[in-house]
Amino acid sequence: MKLGIVGLPNVGKSTLFNSLTKAGAESANYPFCTIDPNIGIVSVPDERLKLLGDMYHSKKVTPATIEFVDIAGLVKGASKGEGLGNQFLSNIREVDAIVHVVRCFEDDNIVHVDGSVDPLRDIETINLELIFSDIEILERRIAKTGKAARMDKSLGKEFALLERLKAHLEEGRPALVFQTEDEDEQALIASYNLLTGKPVIFAANVSEEDLADDGAGNAGVAKVKEYAAANGSEVFVICAQIEQEIAELDEEETAMFLEDLGLKESGLQKLIKASYRILGLMSFLTAGEDETRAWTIKIGTKAPQAAGKIHTDFERGFIKAEVVNYKDLLEQGSLAAAREKGLVGMEGKDYVVRDGDVILFRFNV
């Protein structure tokens, strides 16, 4: 999974990136301190892996990972060259979803690029810049397709789609809510990699005081949640400064620190859950002496396609999947014991993989 982080300057974007990835990206109280994109890869915390790895005495335990890309802060008019412009948006065209960091805290010591804290105005500013960037992409595509369509009439359908999609964006609406039932059109739109066609997760960045009750008393957070609900987006509340402190602690210290703050989970855990929900993802597991590993797949994936995540040969030569729920496996202490209790199923090509399945694939190529 790959997530792109966007936001205005000084909203806590790079601080959040630092805390999530421990990558040490520069973070300072002046606009545009992030110039080159920062990239960090984070392991997805998964208690199931540790337990299974211990049971099998695995030589290696490999969690699922998320790649974060942090780009320079955008400002109003970035598409026209204001600030550092929007040339950095190209760095997040390949991401699966966008994490939009929104400032919901007051602090006179941290300059707001627009002079005041207003989460909805900030969201609108970023949205418009993403739309303008997408319109530029479409205009180039329209010019190219329009010229080619004179010689190849089959391109006429795509040209008409591009014109409709551009008109939709010019009304200030994201590509994500563009309506089409045509599967060919849907495939074409996906191929354009439009920024406004990607799911959005809002990170409402609050002060430490507002974190304990998950921003319940923060009017800015309420507005962001209302906006997210109306636009099919996810939202989670975070204090980027606290997350940066957590990033410097080990696992045991982190648990104590969160407990002292009255928190059940870290911002990273909140973000991972939101990411999996909005992208419709889950994990199945493989376990053994050599390696215990988590594999991220779409909800609804069938066994052969899940096998293909491990290796294309597994999908091509798929015979059966030996499946047991991780809880049953841990309770029984071994796959053999789980088999004896009838807890292991031999599943075929139509089996839909479930979150937490531990699978041994049988294949022949």
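In short, a report on the structure. Being a predicted model, the structure only gives us computed values, none of them experimental.

Time to look at the overall build of the protein chain. Across its full length, the protein chain holds 14 helices and 12 strands. By residue count, 48% of the 365 residues in the protein chain fall in the buried class. With the model as given, the accessible surface of the protein chain reaches about 18,100 Å², and the carbon-plus-sulfur share is 49%.

This part takes up the side chain of S283. As for its placement among the helices and strands, S283 is situated in strand 8 (residues 281-286). Take S283: its relative accessible area is 4%, and that puts it in the buried class. Excluding residues within four positions of it along the chain, S283 makes contact with R48, Y276, W295, T296, R354, D355 and G356.

Residues F68, I92 and L271 are the most contacted members of the largest nonpolar core, which totals 49 residues. No other element matches the seven residues that helix 10 (residues 267-279) contributes to this core. Once you skip the residues sitting within four places of it in the chain, L271 turns out to touch L3, L20, F68, V99, I201 and F236. The next biggest cluster of nonpolar side chains, apart from the first, holds 17 residues, and it includes V102, C104, V200 and V237.

Even without being a glycine, H57 presents a positive backbone phi close to 55°. Among the structural elements, H57 can be located in the loop between helix 2 (47-56) and strand 3 (60-62). Accessibility expressed as a relative area gives 64% for H57, which makes it exposed. A positive phi angle is found at D214, which is not glycine, with a value near 60°. Mapped onto the elements, D214 comes out in the loop between helix 6 (208-211) and helix 7 (219-230). Given the relative accessible area of 32%, D214 is considered partly exposed.

Of the voids in this model, the largest pocket is the one considered here, and its volume is about 780 Å³. In terms of lining residues, the largest pocket is bounded by 27 residues, among which P45, E251, T254, L268 and Q269 are the most central. At the level of secondary structure, the elements contributing two or more residues to the lining of the largest pocket comprise helix 1 (13-21), strand 2 (38-43), helix 2, helix 8 (240-247), helix 9 (251-261) and helix 10. Considering every element that reaches the lining of the largest pocket, the biggest residue donor is helix 9, with four residues. The residue inventory of the lining of the largest pocket, partitioned by class, reads 13 nonpolar, five polar and nine charged.

What follows is about helix 2. Of the positions making up helix 2, those classed as buried are R48, L49, L52 and G53. What you see down the axis of helix 2 is that its buried residues fit within an arc of 125°, all on one side. Of the residues flanking the end of helix 2, it is H57, one or two places downstream, whose phi is positive at about 55°.

Attention now goes to helix 1. Because an α-helix packs 3.6 residues into every turn, residues spaced three or four apart end up facing the same way. Along helix 1, nine of the nine residues are buried, which leaves the element largely enclosed by surrounding structure. All of the buried residues along helix 1 are K13, S14, T15, L16, F17, N18, S19, L20 and T21. At the exit of helix 1 stands K22, carrying a positive phi of roughly 55°.

A few words on the packing of aromatic side chains. Counted under the stated rule, the structure contains five aromatic pairs. Relative to Y227, the ring of F202 lies with its centre 5.7 Å away and its plane at 85°, an arrangement referred to as edge-to-face. Taken together, the residues F202 in strand 6 (residues 200-205) and Y227 in helix 7 connect sequence positions 25 residues apart. What makes F202 buried here is its relative accessible area of 2%. Here the aromatic cluster, defined as three or more aromatic residues joined through ring pairs, consists of F284, W295, F318 and F361. The ring of Y326 has R48 sitting right over it, with the charged end atom 5.5 Å from the ring centre. Note that R293 overlies the ring of W295, its terminal NZ or CZ placed 4.1 Å from the centroid.

Parameters at a glance
- Residues numbered from 1 in each chain as written.
- Predicted model: local features only at pLDDT ≥ 70, side-chain atom pairs only at ≥ 80, totals over all residues.
- Heavy atoms only, no water.
- Helix = DSSP H or I, 4+ residues; strand = E, 2+ residues; numbered from the N terminus.
- Buried < 20%, exposed > 50% of the residue type's maximum accessible area, 1.4 Å probe, protein only.
- Areas by Shrake-Rupley, 256 points an atom, 1.4 Å probe, with all protein chains shown as cover.
- Contact = heavy atoms within 4.5 Å.
- Core = buried A, V, L, I, M, F, W, Y, C linked by side-chain atoms within 4.5 Å.
- 1 Å grid on protein atoms, 1.4 Å probe; cavity = no way out; pocket = protein on both sides within 12 Å on 5 of 7 lines; lining within 4 Å.
- Points joined across faces, edges and corners; volume = space filled by probe spheres on them.
- Nonpolar A, V, L, I, M, F, W, Y, C, P; charged D, E, K, R; others polar.
- Arc of directions from axis to C-beta.
- Phe/Tyr/Trp six-rings, centres within 6.5 Å; stacked < 30°, edge-to-face > 60°.
- Lys NZ or Arg CZ within 6 Å of the ring centre and 35° of its normal.

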